[in-house]
Amino acid sequence: MKSLVRVSLLSAVLATFASASTLSLAQTAAPSEAWPQRTVRLVAPFPPGGGTDAVARALGQKLSTRLGKPVVIDNKPGASTIIGTDSVVKAEPDGYTLLVSGSTSYTVNAALRPKLPYDPLKDLAPVAIVARAPLVIVVSASSPHKDFAALLAAAKAAPKTINYATFGSGSAPHLVGALLEQAAGVRLQDVPYRGSAQAMMGLIGGEIQMAIDTVASAAPHVRSGKLRALAIAGNERARALPSVPTVRELKLPDAAFDGWYAVAAPARTPAPIVDKLVKEVEAAMRDVQLQDQIRAQGMEPVFVGPKAMHAAMEDEIGRYRALAHRAQIVVE
């Protein structure tokens, strides 16, 4: 009888343990399988009004419809996108806090800043590149510089007198400005702004003489007659400004820089959540209405999956680090 009791007790203990283990596994798996169950937050590390914000809002609206849950935009500008990006890196890796930003956050900062508080290759889980974003060199409509050659001639004649807007030291416009200095043999003066909207107003208001910004941010002001576009800082002309030549066409290929926007999650986000994110973003990017929204902002909608995005990040970090070394760009 005692032997039977022991067996019964052991069976009961094992059954209880198995039940608890099953419950624990179910509780662990549930967040991934049921995602999303609440509001998803897209962190855009720029103020409202610029290209990053436009991409985040257009994509967020479509994802909200597809997921059946609110998708809100959280603008966290500052420190050349480091503040916003770092907040995502440190967020709970549960799929409810995501990053939507340009290549500055994913490659430029990592290439130029040795003391970056995170490593985007290790601390972010790529989801997808969703838009190509050419940069354009613009001046005020009242500027005496009617074309790019005239601007460079003025910069050569009076070094450091052409002030241009950046989003902080080491941002994409700053890198393009440094590449332009190296390629054209000129010296420019960078002036930091918190975001595209402020930079455009500064240029229109005469605070600076030049800006290097996304076509998305500058094109509306070019069309309204407030700004004059002199060159596309990339390898291909922009659909939104088809008559504007590229720096490559203007015999300055070493000044070319191609920007893009992408979505990422914190590292260690469960694979099922990342997989669902990839699937939903890919489906959203096939939507014609969303594509039209992105094109209306001067960008080209694309879908580049996580593996290719990670490869692009590795390639650009290495390439921009080498360019920064040659151009003697030092960012602390």
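Structure first, text after, so check above.
Residues numbered from 1 in each chain as written. Predicted model: local features only at pLDDT ≥ 70, side-chain atom pairs only at ≥ 80, totals over all residues. Heavy atoms only, no water.

## What to know about the layout of surface pockets
Okay, step 1: Volume-wise, the largest pocket comes out at about 360 Å³.
Okay, step 2: What lines the largest pocket is a set of 17 residues, and nearest its centre among them are Arg-132, Pro-134, Glu-236, Arg-237 and Glu-300.
Okay, step 3: At the level of elements, β4 (124-140) and β9 (258-266) are the ones that each hand at least two residues to the lining of the largest pocket.
Okay, step 4: Its residues placed into classes, the lining of the largest pocket shows 6 nonpolar, 3 polar and 8 charged.
Okay, step 5: Size it by volume and the second largest pocket reaches roughly 160 Å³.
Okay, step 6: As for the second largest pocket, its lining consists of Asn-235, Arg-248, Pro-253, Asp-254, Ala-256, Phe-257, Asp-258, Glu-316, Arg-319, Tyr-320, Leu-323 and Arg-326.
Okay, step 7: It is helix α12 (residues 306-327) that provides the largest number of residues to the lining of the second largest pocket, a total of 5 residues. (1 Å grid on protein atoms, 1.4 Å probe; cavity = no way out; pocket = protein on both sides within 12 Å on 5 of 7 lines; lining within 4 Å. Points joined across faces, edges and corners; volume = space filled by probe spheres on them. Helix = DSSP H or I, 4+ residues; strand = E, 2+ residues; numbered from the N terminus. Nonpolar A, V, L, I, M, F, W, Y, C, P; charged D, E, K, R; others polar.)

## Description of empty space enclosed by the protein
Okay, step 1: Counting across every chain of the model gives 1 cavity of 30 Å³ or more.
Okay, step 2: Taken as a whole, the largest cavity holds about 230 Å³ of empty space.
Okay, step 3: Along the walls of the largest cavity sit 25 residues, with Phe-46, Thr-52, Phe-167, Thr-214 and Tyr-261 positioned nearest its centre.
Okay, step 4: Only α2 (51-67), α4 (103-112), β4, α7 (172-184), α8 (196-204), β7 (210-214) and β9 provide two or more residues apiece to the lining of the largest cavity.
Okay, step 5: Its residues placed into classes, the lining of the largest cavity shows 12 nonpolar, 12 polar and 1 charged.

## A few points about the pattern of salt bridges
Okay, step 1: Going through the model one piece at a time under the given rule, you end up with 12 salt bridges.
Okay, step 2: Two residues, Arg-239 and Glu-300, come together in a salt bridge whose shortest N-O distance is 3.1 Å. You can see Arg-239 sitting in the loop between β8 (227-232) and β9 and its partner Glu-300 sitting in strand β10 (residues 300-304), a full 61 residues away along the chain.
Okay, step 3: Given the relative accessible area of 58%, Arg-239 is considered exposed.
Okay, step 4: For Arg-295, the salt bridge identified is with Glu-300, shortest N-O distance 3.2 Å.
Okay, step 5: Overall, the relative accessible area of 27% leaves Arg-295 in the partly exposed class.
Okay, step 6: Within the structure, one salt-bridge network assembled from shared partners comprises Arg-41, Asp-74 and Lys-76. (Salt bridge = Lys/Arg side-chain N within 4 Å of Asp/Glu carboxyl O. Buried < 20%, exposed > 50% of the residue type's maximum accessible area, 1.4 Å probe, protein only.)

## A few points about the packing of aromatic side chains
Note on aromatic pairs: each is described by the distance of the centres and the angle between the planes.
Okay, step 1: This structure, assessed with the given rule, holds 4 aromatic pairs.
Okay, step 2: Consider the rings of Trp-35 and Tyr-96, whose centres lie 6.4 Å apart with planes at 55°: the pair is tilted. Here Trp-35 is found in the loop between α1 (2-34) and β1 (40-44), whereas its partner Tyr-96 is found in the loop between α3 (82-89) and β3 (97-102), with 61 residues between them in sequence. For the pair shown, Trp-35 and Tyr-96 are each scored as buried.
Okay, step 3: Relative to Tyr-320, the ring of Phe-257 lies with its centre 5.3 Å away and its plane at 20°, an arrangement referred to as stacked. (Phe/Tyr/Trp six-rings, centres within 6.5 Å; stacked < 30°, edge-to-face > 60°.)

## Considering helix α9 (residues 215-223)
For an α-helix the count is 3.6 residues per turn, leaving residues at separations of three or four pointing the same way.
Okay, step 1: With 7 of 9 residues buried, α9 lies mostly within the body of the structure.
Okay, step 2: Taken as a whole, α9 has its buried residues at Val-215, Ala-216, Ser-217, Ala-218, Ala-219, His-221 and Val-222.
Okay, step 3: In this structure, the buried side of α9 is in contact with α2, β4, α8, β7 and β8.
Okay, step 4: Looking one or two residues beyond α9, the residue adopting positive phi is Gly-225, at roughly 90°. (Contact = heavy atoms within 4.5 Å.)

Distances and angles like these do not, on their own, reveal function.
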